[in-house]
Amino acid sequence: MDIKLLSFPADNTPFSVIVAAKLAGITFPSDSSLPSASPPTFFFTDGLKLHGASVLLRYIGRVTNIPNFYGQNAFESSQIDEWLEYAPILSSGSAFENACSYVDKYLERRTFLVGHSLSLADVAIWSGLAGTGQRWESLRKSKKYLNLQRWFNSLLVEYSDELDDVLTAFVGKRGGKSSGPKLKEQGLKTNSVNQDASDKGKAGSKSTFEVDLPNVEFGKVRLRFAPEPSGYLHIGHSKAALLNQYFAQRYNGEVIIRFDDTNPAKESNEFVENLLKDIETLGIKYETVTYTSDYFPQLMEMAENLIRQGKAYIDDTPREQMQKERMEGIESKSRSNSPGENLRLWKEMILGTEQGLLCCLRGKLDMQDPNKSLRDPVYYRCNPIPHHRIGSKYKIYPTYDFACPFVDSIEGITHALRSSEYHDRNAQYYRIQEDMGLRKVHIYEFSRLNMVYTLLSKRKLLWFVQNGKVDGWDDPRFPTVQGIVRRGLKIEALIQFILEQGASKNLNLMEWDKLWTINKKIIDPVCPRHTAVIEERRVLFTLGNGPEIPFVRIIPKHKKYEGAGEKSTTFTKRIWIDQSDAQCIEVDEEITLMDWGNAIVKGIEKDQDGFVKQLSGILHLEGSVKTTKLKITWLPEIKELVTLSLMEYDYLITKKKLEEGEDFLDVLNPCTKKETIAVGDSNMRNIKRGDILQLERKGYFRCDVPYVRSSKPIVLFAIPDGRQQSCLK
């Protein structure tokens, strides 16, 4: 049953229905000849009809192939229904701004209105805004609703081709301006160091994935995210995890988590627990958790079958000699062993005997193949170290190259997403599956995410932990999910940053500044403002005509966002200011004391080293803040001030990118942490661990240790804002 026609009144275009159909790839002619106040109507080829904008939207949601367009379960579908019922309020003149304010606040910590992908809810609200034409354009330019603006713009950029067409065709006809072309020119460019110069001036294209998985059967895609439990999840793993989730949602499939636990020397339950925690932090929705170790019996049986078939052999060649022979294409002396001899030695390996410990199991592939990964790779090694899950049951463990193609096939994985660094081993993966007689799994490659001044090797990160160079895997200098979140990154910013890179196979070396800039755009509109003065050489400023008796005013923590709450500010005759500010002041200069008014400095006392010891002056509250050069922060001289420890962090290495063979120990940054003691306003006694705030004129911070008692400082971690330079003075 196909849609024959969409009919509607000329004065009431069902904009959201047209947008939804465009996104879903559903085409039909339209007719605007219905009488005024008539509901929009779908006419079907068999003579049936459906009436009403929300009904037509739900129909599109049910027939489209867009994953989760009408929710992935009954609850999400009901949430979408709520938004469809709410959307018409945007066309009500008097309620428009209240509606904008409501949706803006709702989007404070969300990328989409419902779930983690585009849905009919987003279409309905987006269309309601765009459909008002100039009214929304004016508000968007005013930056009054920053969360709403961010969300609106991100959809417009992501689906620019479809939305521009509809905006031009329908919004323009009603006298409104299309916001599409301007945004399309700006785009969302990736900040790749290796980006080709010819691309830098071009308009940004869609920032997410414009590629398809091969041989997809909609609804039957099964993917796996398979970390090794030998460290915490880092930003590079995050890309792989999010790509798996994206494709699963796109094709209405599923993701499983599998721990590739084949190396007991490196793995632990601590890593398993924290990887699951990090996966949850990223919002990855998965069907189940499995372990490669679940399949050890089947893997051993498969290995023995390959030995019997003459497709694998036991080799006792020393490791270094074996590597040399593989590089030179020289066959091992053990390659011609009989299956009987190989089975005998295999049992020695299983028992972990003295002879067995000298051996490994190798696949008999092709020692002359130009692709060196096919030159008889190792399938099994002896390792008497107990396994973190199954103890000392086994003395042998499969390699990743042997276990991965087996378990992928057995678990019903349809597509294995692997970073392009494994490209040369793809042929090995397919050959091993073929020798095993298993169903083929399609490999899809994507580029590994590399960051400047950053090590992503878990072996190298472990060195920093073991040698006390960092405070653990969640250290704010680490690229782990826990580390960057502890430093103040919002997960929404990380997801947006990674999805902007898309599924490209081009190798990218990305700048951290891009990520922190995205983060700033998320936190700045909502985080509360507080005041701090650096403790070292802070200066007392005495106001001759200041209040003899201190008084308190309640002022907003964020002048443009009521949700940040209020704070109390004490006004006194004696106030503290930063030494750096005092150094900039001249006698008889008029300055502005932020959140108070102007003052005129009458006296400056300095010590023999030129540092300001104290200032004196008078309030001049009738003065204009527009005429002063200096606008400074200050704190009252009261006992309730709190002590702050402001922590700044730098990169662990001093080189943007290590060259092949270069030792990271040669480029260690000798100074990666700086502590500055300050005093803060009394309201900071109430901030909690994890809260993000701005210290006015000093930058953004995340609270790592909240107020406990006056003798113990509040610990705040400085959050980079994408401008590179230090935020502490």
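Residues numbered from 1 in each chain as written. Predicted model: local features only at pLDDT ≥ 70, side-chain atom pairs only at ≥ 80, totals over all residues. Heavy atoms only, no water.

S.K.: Looking at this structure, how should I read the domain arrangement of the protein?
M.R.: What the domain assignment reports for the protein is domain 1 (3–168), domain 2 (539–577 + 579–632) and domain 3 (642–719). A separation of 27 Å is found between the C-alpha centroids of domain 2 and domain 3. (Domains from an automatic or database assignment.)

S.K.: It is not clear to me how the packing of aromatic side chains should be interpreted in this structure. Could you clarify?
M.R.: For any pair of aromatic rings, geometry is given as the distance between the ring centres together with the angle between the planes. Enumeration over the complete set of coordinates arrives at 35 aromatic pairs. Taking the centre distance of 4.6 Å and the plane angle of 20 degrees together, the rings of Tyr453 and Tyr651 count as stacked. You can see Tyr453 sitting in the loop between β14 (449–451) and α17 (458–466) and its partner Tyr651 sitting in the loop between β27 (642–649) and β28 (673–680), a full 198 residues away along the chain. The class for Tyr453 is partly exposed, based on a relative accessible area of 24%. Judged by relative accessible area, Tyr651 falls into the partly exposed class, the value being 26%. Joined through ring pairs, the aromatic side chains of Tyr232, Phe271, Trp463, Phe464, Trp473, Phe478 and Phe664 make up one cluster. Taking NZ or CZ as reference, Lys440 lies 4.5 Å from the ring centre of Tyr430, over its face. The lysine or arginine in question, Arg537, covers the ring of Phe611, its NZ or CZ lying 3.8 Å from the ring centre. (Phe/Tyr/Trp six-rings, centres within 6.5 Å; stacked < 30°, edge-to-face > 60°. Helix = DSSP H or I, 4+ residues; strand = E, 2+ residues; numbered from the N terminus. Buried < 20%, exposed > 50% of the residue type's maximum accessible area, 1.4 Å probe, protein only. Lys NZ or Arg CZ within 6 Å of the ring centre and 35° of its normal.)

S.K.: Whenever I open this one, helix α15 (residues 400–410) confuses me. Can you help?
M.R.: Side chains three or four residues apart in an α-helix point the same way, a direct result of the helix having 3.6 residues per turn. Most of α15 is tucked away: nine of the 11 residues are buried. For α15, every residue scored as buried is listed here: Asp401, Phe402, Ala403, Cys404, Pro405, Phe406, Val407, Asp408 and Ser409. Remark: Gly412 follows α15 within two positions and exhibits a positive phi of approximately 80 degrees.

S.K.: Is there a simple way to think about the pairing of strand β9 (residues 360–363) in this case?
M.R.: If a strand is regular, its side chains alternate between the two faces of the sheet. With burial as the criterion, each face of β9 is covered, one bearing Cys360 and Arg362 and the other bearing Leu361 and Gly363. Looking at chain direction, strand β8 (residues 312–315) and β9 are connected through four bridges and run antiparallel. Of the residues in β9, the one forming a bridge with Asp315 is Cys360. As defined by bridge partners, β9 adjoins strand β10 (residues 378–382) across three bridges and the pair is classed as antiparallel. Bridge pairing in β10 places Arg362 opposite Val378. (Pairing = 2+ DSSP bridges.)

S.K.: When you look at the UniProt feature "domain: tRNA synthetases class I (E and Q) anti-codon binding" (unreviewed entry) in the protein in this model, what are you seeing that I'm missing?
M.R.: What UniProt calls "domain: tRNA synthetases class I (E and Q) anti-codon binding" (unreviewed entry) maps, in this numbering, to residues 631–704. The span residues 631–704 is 0% helical and 41% strand by assignment, and the distance between its end C-alpha atoms comes to 29 Å. (UniProt positions renumbered as here; feature names shortened; annotations may be inferred.)

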